[in-house]
Amino acid sequence: MELGEKIWEIVIDWDYFLKDTMGKQLVRTADSVAANLSEGFGRFFYKENKQLCYYSRGSLFETKTWLTKAKHRKLISENQFEIFTKDIDLIGKKLNSYINSIGNQSSIDLLQSNDK
């Protein structure tokens, strides 16, 4: 959720052309990371949950691609890019761990781990 909000705060200040061409894509991919996780968790079927987590991971990497483009086009600073990259790498590691745990825990354990 936080990744999407940070990206929104940057994109909202871009001019119309930049928002329309890159901004919408960047915000959508960042927002879909959390949205797919939520949808998958809400299904309570391990296979569906895992599949939606894979979609989330794909959106995470797509977000990184759009951020790379934004950096190359001088829409975000090198420092912003580095911070986002660290955040994305950490989210990716946590997401991979979560994917590997699906089916290995009871639904109650999953609920408790998501509350943290």
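The text that follows walks through the structure, step by step, so that each part is easy to find. What you are looking at is a predicted structure, and each value in this text was computed from that prediction instead of being measured.

Here is a general trend for soluble globular proteins: nonpolar side chains tend to be buried in one another's company. If you look at the biggest cluster of nonpolar residues, it comprises 19 residues, and the most contacted ones within it are Ile7, Trp14, Leu26, Leu67 and Ile76. Among the elements of the structure, helix 1 (2-11), helix 2 (16-43), helix 3 (46-72) and helix 4 (78-101) are those that each provide at least two residues to this core. Broken down by element, the residue count for this core peaks at five residues, all from helix 2.

Bringing the packing of aromatic side chains into the picture now. Summed over the entire model, instances satisfying the criterion amount to zero aromatic pairs. Looking at Lys71, its charged tip hangs above the ring of Phe81, at a distance of 4.5 Å from the centre.

Within the element layout of this structure, Phe84 appears in helix 4. The spacing of Phe84 and Thr63 is 21 residues in sequence and 9.6 Å in space, taken between C-alpha atoms. Each residue touching Phe84, except ones within four places of it in the same chain, is listed here: Leu3, Lys6, Ile7, Ile10 and Leu67.

Taken together, the side chains of Glu5, Glu9, Asp13 and Asp31 make up a negatively charged region of the molecular surface. Residue placement: Glu5 occurs in helix 1.

Moving on: helix 1. Considered for burial, the residues of helix 1 that qualify are Leu3, Gly4, Ile7, Ile10 and Val11. In a view along the axis of helix 1, the buried residues occupy a sector of 125°, so they form one face of it. Counted as exposed and oriented over 90 degrees from the buried face of helix 1: Glu2 and Glu9. The inward-facing, buried residues of helix 1 abut helix 2, helix 3 and helix 4.

Okay, helix 3 next. Counted at 1.5 Å a residue, the expected span for helix 3 with its 27 residues is 39 Å, and the 39 Å between its end C-alpha atoms agrees. Those residues of helix 3 that sit buried are Asn49, Leu52, Cys53, Ser56, Ser59, Leu60, Thr63, Trp66, Leu67, Ala70 and Lys71. Elements that come into contact with the buried residues of helix 3 comprise helix 1, helix 2 and helix 4.

Turning next to the pattern of salt bridges. A side chain of one charge can pair with a side chain of the opposite charge if their charged atoms are brought near each other. All chains considered together, the criterion is met by seven salt bridges. The closest approach of N and O atoms between Arg43 and Glu48, which form a salt bridge, is 2.5 Å. Take Arg43: its relative accessible area is 32%, and that puts it in the partly exposed class. Across the pair Asp89 and Lys64 runs a salt bridge whose closest N-O atoms are separated by 3.3 Å. Placement of the pair is Asp89 in helix 4 and Lys64 in helix 3, with a sequence separation of 25 residues. On the basis of relative accessible area, Asp89 is assigned to the partly exposed category, the value being 37%. Lys64 gets classed as partly exposed once you look at its relative accessible area, which sits at 24%. Overlapping salt bridges bring together Glu2, Lys6 and Asp87 as one network.

Parameters at a glance
Residues numbered from 1 in each chain as written. Predicted model: local features only at pLDDT ≥ 70, side-chain atom pairs only at ≥ 80, totals over all residues. Heavy atoms only, no water. Core = buried A, V, L, I, M, F, W, Y, C linked by side-chain atoms within 4.5 Å. Buried < 20%, exposed > 50% of the residue type's maximum accessible area, 1.4 Å probe, protein only. Helix = DSSP H or I, 4+ residues; strand = E, 2+ residues; numbered from the N terminus. Phe/Tyr/Trp six-rings, centres within 6.5 Å; stacked < 30°, edge-to-face > 60°. Lys NZ or Arg CZ within 6 Å of the ring centre and 35° of its normal. Contact = heavy atoms within 4.5 Å. Patch = residues over 30% accessible without salt bridge, like charges linked within 9 Å, V, L, I, M, F, W, Y side chains within 5 Å. Areas by Shrake-Rupley, 256 points an atom, 1.4 Å probe, with all protein chains shown as cover. Salt bridge = Lys/Arg side-chain N within 4 Å of Asp/Glu carboxyl O. Lys, Arg positive; Asp, Glu negative; His and termini not counted. Charge placed at Lys NZ, Arg CZ, Asp CG, Glu CD. Arc of directions from axis to C-beta. Expected span 1.5 Å × (residues − 1).

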